[in-house]
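# Examining the three-dimensional arrangement
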Amino acid sequence: MAIRMIVQHPDPVLRERAKEVTKFNANLHKLLDDLADTMYDARGVGLAAPQIGILKRAFVVDADGSGLIELVNPEIVLKEGEQFGPEGCLSIPGLQGDVRRARRVVIRGQDRYGNPVEYEGVDLLARAFQHELDHLNGVLFIDIAESVYERPPEPAEDGEGE
Ligand code: NI
């Protein structure tokens, strides 16, 4: 378990498509542990492997009281409704943007042992799933935001970086 350095935009690693995970071994477990440690240290609600420089299709999310969710090789299988609101990213500190997302998603993938898993998210959790999946495809919120602006000062308790 370790806190890793978070890659910052415009590092090109954030623009690559991450590769499918095929080995559910100790390396993957360490990656997932480090992602969680680094996310909690930064008080984010999600963190994807490319954000610590590892181009594998894996991310962690903990949003809206979901508890820690680990997803490997995720894909969204259902998108429903719409939400529009501010979004930030731990790789782009100081900025946020208004991003249109599905309000509810169902996402499927694998856990750290390769077992199939499925989660449903609404509101912030759905937003986090969509944001983190974008990271695995080299997409950042600034690419799809309808406006990008400086993040207003906010109480430290309320970080929403992904
Ligand atoms: Ni992000």
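Below or above, wherever it landed, is the structure these notes cover.

About the criteria used
Residues numbered from 1 in each chain as written. Predicted model: local features only at pLDDT ≥ 70, side-chain atom pairs only at ≥ 80, totals over all residues. Heavy atoms only, no water. Helix = DSSP H or I, 4+ residues; strand = E, 2+ residues; numbered from the N terminus. Buried < 20%, exposed > 50% of the residue type's maximum accessible area, 1.4 Å probe, protein only. Pairing = 2+ DSSP bridges. Axes fitted to C-alpha atoms, helices over the stretch in contact; angles between N-to-C directions. Contact = heavy atoms within 4.5 Å. Core = buried A, V, L, I, M, F, W, Y, C linked by side-chain atoms within 4.5 Å. Salt bridge = Lys/Arg side-chain N within 4 Å of Asp/Glu carboxyl O.

### Focus: unusual backbone geometry
Residues histidine 9 and proline 10 are joined by a peptide bond in cis, for which omega reads 10°. Tracing the backbone through its elements, the reader meets proline 10 in the segment before α1 (26-41). Backbone geometry places asparagine 73, a non-glycine residue, at a positive phi of 50°. Mapped onto the secondary structure, asparagine 73 falls in strand β3 (residues 69-80). Asparagine 73 sits in the buried class, given a relative accessible area of 14%. A positive phi angle, near 55°, is found at aspartate 123, a position not held by glycine. Turning to its location among the elements, aspartate 123 is positioned in helix α2 (residues 123-136).

### Here's the deal with the sheet that holds strand β5 (residues 95-101)
Adjacent strands of a sheet form backbone hydrogen bonds with each other and so pair up, either parallel or antiparallel. Taken together, the three strands give an open sheet; going across it, the order is β4-β5-β8, and neighbouring strands pair in antiparallel fashion. Both edges of this open sheet fall to β4 (83-87) and β8 (147-150), since each of them pairs with a single strand only. This sheet shows a mean twist of 20° between the axes of neighbouring strands, independent of strand direction. One ladder, built from four bridges, connects β5 with β8; its direction is antiparallel. Looking across to β8, one finds that leucine 95 is bridged to glutamate 150. Sheet strands in contact with α2 are β4 and β5, and its direction is about 65° off that of β4.

### Observations concerning the nonpolar core
Phe59, Val61, Ala63, Leu71, Leu125, Phe129 and Leu136 are the most contacted members of the largest nonpolar core, which totals 19 residues. Listed by contribution, the elements that provide at least two residues to this core are β2 (58-61), β3, β6 (104-110) and α2. Sort the elements by how many residues they give to this core and α2 lands first, with seven residues. Excluding anything up to four places from it in sequence, leucine 136 contacts Glu16, Arg17, Ala18, Ala48, Pro50, Lys56, Arg57, Ala58, Phe59 and Pro74. Ile6, Leu28, Leu31 and Ala49 belong to the second largest nonpolar core, which has 14 residues in total.

### Section: the pattern of salt bridges
Applying the stated criterion across every chain, the model contains 16 salt bridges. Linking arginine 104 and glutamate 120 is a salt bridge whose minimum nitrogen-to-oxygen distance equals 2.8 Å. With arginine 104 in strand β6 and glutamate 120 in strand β7 (residues 116-122), the pair connects residues that are 16 residues apart, well separated along the chain. Its relative accessible area of 47% is what places glutamate 120 among the partly exposed residues. Three or more residues are tied together by salt bridges with common partners; here these are Glu87, Arg101, Arg127 and Asp134.

### Points about the sheet that holds strand β1 (residues 46-48)
If you trace the five strands from one edge of the open sheet to the other, you get β1-β2-β3-β6-β7, paired in antiparallel fashion. Whereas interior strands pair on both sides, the edge strands pair on one side only; in this sheet they are β1 and β7. Neighbouring strand axes in the sheet, compared pairwise and without regard to direction, differ in orientation by 35° on average. As paired elements, β3 and β6 share six bridges and run antiparallel to each other. Bridge pairing links leucine 78 to valine 106 in β6. Running over the sheet, α1 touches β1, β2 and β3 and is turned about 35° from β2. Of the strands in this sheet, β1, β2, β3, β6 and β7 touch α2, which is tilted by about 125° from β7.

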